[in-house]
Amino acid sequence: MTGITIALSKGRIFDETLPLLAAAGIVPVENPETSRKLIIGTNRDDVRVVIVRATDVPTYVQYGAADLGVAGKDVLIEHGGEGLYQPLDLNIAKCKMMVAVPEGFDYARAVRQGARLKVASKYIKTAREHFAAKGVHVDLIKLYGSMELAPLAGLADAIVDLVSTGGTLKANKLVAVEEIMPISSRLVVNQAALKLKRETLAPILDAFAGAVKKD
Ligand code: ATP
Ligand code: MG
């Protein structure tokens, strides 16, 4: 098999990867928002796109079911990055990983007083490392979505989530109190494919690198 399979998630990652693919001369023939197909052809016979959940992109690439993919730094940290070559920050799907609490909750004071905090998140590994580095004791509660609900429903004191405009936090009477790290999406490449398919992959990687927009 000399063809190339690219793993992408629907939504902002697919949309923001399109110009980079175009720079490599690759144009998907369908839009995953309107098509139900999970395997999408491109203008090139030797390149196809598979549409997977954002958190599943590293797994497809790690096992070689996809040769390359685009995944958020948030997702890559939780995955661990095993078997993945990460040559490029694509500077797309940018946001921040933040700690947020209900309006009126004095987070700084709770931390100062050494309180034990209940923290809900999809990003358990990132959250654990962040609070361990700060010396804050936390009970971490794993969630799979709608983190904003957790403090409102009394499940947690704080959440660790991605924030871009802050609109969702505000709508739920939460405030961001601490930035953990800036997030953007990265190109990930299967390490074996990089060697075995170098001739096909190298020009694609070069085109991506040349098309990345700097701040
Ligand atoms: P779903 O929303 O279907 O549960 P998801 O949250 O995993 O799935 P997206 O919301 O499309 O999928 O997020 C995909 C990636 O885009 C995330 O892993 C992250 O890197 C980035 N991202 C998430 N939220 C934002 C945001 N508000 N602004 C910019 N980038 C974001
Ligand atoms: Mg989402």
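These numbers come from a predicted model, not from an experiment.

**Focus on helix 9 (residues 198–211)**
Taking 1.5 Å per residue, 14 residues should reach 20 Å; helix 9 reaches 20 Å between its end C-alpha atoms and fits that length. Residues of helix 9 that are buried: Leu201, Ile204, Leu205, Ala207 and Phe208. Down the axis, helix 9 shows its buried residues gathered within 160° of arc, on one side only. Those residues of helix 9 that are exposed and angled more than 90 degrees off the buried face are Glu199, Asp206 and Gly210. Next to the buried residues of helix 9 lie strand 1 (4–8), helix 1 (12–23), strand 4 (68–72), strand 5 (84–89), strand 11 (185–190) and helix 8 (191–196).

**Considerations on the side chain of Thr17**
Looking at the element boundaries, Thr17 is found in helix 1. Residue class for Thr17 comes out buried when judged on its relative accessible area of 0%.

**Digging into the sheet that holds strand 9 (residues 158–163)**
Strands sit in the order 8-7-9-6-10 across an open sheet of five strands; the sheet is mixed. A single partner strand is all that each edge strand has here, and the edge strands are strand 8 (138–142) and strand 10 (174–183). Between one strand and the next, the sheet's axes are offset by a mean angle of 30°, whatever the strand orientation. In the sheet, strand 7 (residues 117–121) pairs with strand 8 via five bridges, with the strands oriented parallel. Residue pairing for strand 8: Leu117 is matched across the bridge by Val138. Most of the contacts of helix 5 (residues 124–134) go to strand 8, to which it runs at about 170°, and overall it touches strand 6 (95–102), strand 7, strand 8, strand 9 and strand 10.

**Observations concerning the site of ligand 1**
By nearness alone, 14 residues border ligand 1, and Arg12, Arg53, Asp74, Lys94 and Ser164 come closest of all. Ala93 is positioned with one of its backbone polar atoms (N or O) 3.2 Å from a nitrogen atom of ligand 1. Between ligand 1 and the protein, one listed contact pairs an oxygen atom with a side-chain N or O atom of Lys122 at 3.2 Å. In isolation ligand 1 offers 610 Å² of accessible surface; the protein chains occlude 72% of this area. For the shell around ligand 1, the secondary-structure elements that each account for two or more residues are helix 1 and helix 3 (73–79). For the shell around ligand 1, the residue count by class is seven nonpolar, two polar and five charged.

**Thoughts on the packing of helix 1 against helix 9**
Closest axis-to-axis distance for the helix 1/helix 9 pair is 8 Å, and the angle between their directions is 120°. Classified by the interaxial angle, the pair formed by helix 1 and helix 9 is oblique. Pair helix 1 / helix 9 crosses with right-handed handedness. Two secondary-structure elements touch here, helix 1 through Thr17, Leu20, Leu21 and Ala23 and helix 9 through Ala207, Phe208 and Ala211. By residue class, the composition of the contact of helix 1 with helix 9 is six nonpolar, one polar and no charged.

**Description of the side chain of Ser35**
Structurally, Ser35 can be placed in the loop between helix 1 and strand 2 (39–41). Here the side chain of Ser35 touches Glu30 through a polar contact of 3.3 Å, side chain to side chain. Looking at Ser35, its side chain comes within polar contact range of the main-chain nitrogen of Lys37, at 3.0 Å.

**What about the UniProt feature "domain: ATP phosphoribosyltransferase catalytic" (unreviewed entry) in the protein chain?**
Under the UniProt annotation, "domain: ATP phosphoribosyltransferase catalytic" (unreviewed entry) lies at residues 53–208. Secondary structure content for residues 53–208 is 36% helix and 33% strand, while the C-alpha to C-alpha distance between its ends is 22 Å.

**Overview of the sheet that holds strand 2**
Whether parallel or antiparallel, the strands of a sheet pair through hydrogen bonds between backbone atoms. Ordered by their spatial adjacency, six strands build an open sheet running 2-3-1-4-11-5, and the pairing between neighbours is mixed. Of all strands in the sheet, those bounded by a partner on one side alone are strand 2 and strand 5. On average, adjacent strands in this sheet sit at an angle of 30° to one another, irrespective of strand direction. Across four bridges, the pairing between strand 5 and strand 11 is antiparallel. Residue pairing for strand 11: Tyr85 is matched across the bridge by Val189. Set on the sheet, helix 1 makes contact with strand 1, strand 3 (47–51), strand 4 and strand 11; between it and strand 1 the angle comes to about 145°. Against the sheet, helix 9 makes contact with strand 1, strand 4, strand 5 and strand 11, and its axis sits at roughly 170° relative to strand 11, the strand it touches most.

About the criteria used
Residues numbered from 1 in each chain as written. Chains lettered and ligands numbered in written order. Predicted model: local features only at pLDDT ≥ 70, side-chain atom pairs only at ≥ 80, totals over all residues. Heavy atoms only, no water. Helix = DSSP H or I, 4+ residues; strand = E, 2+ residues; numbered from the N terminus. Expected span 1.5 Å × (residues − 1). Buried < 20%, exposed > 50% of the residue type's maximum accessible area, 1.4 Å probe, protein only. Arc of directions from axis to C-beta. Contact = heavy atoms within 4.5 Å. Pairing = 2+ DSSP bridges. Axes fitted to C-alpha atoms, helices over the stretch in contact; angles between N-to-C directions. Near = heavy atom within 4 Å. Polar contact = N/O pair within 3.5 Å; in protein donor to acceptor, adjacent residues only side chain to side chain. Areas by Shrake-Rupley, 256 points an atom, 1.4 Å probe, with all protein chains shown as cover. Nonpolar A, V, L, I, M, F, W, Y, C, P; charged D, E, K, R; others polar. Parallel < 35°, antiparallel > 145°, perpendicular 65-115°, else oblique. Left-handed = near helix turned anticlockwise from the far one by under 90°. UniProt positions renumbered as here; feature names shortened; annotations may be inferred.

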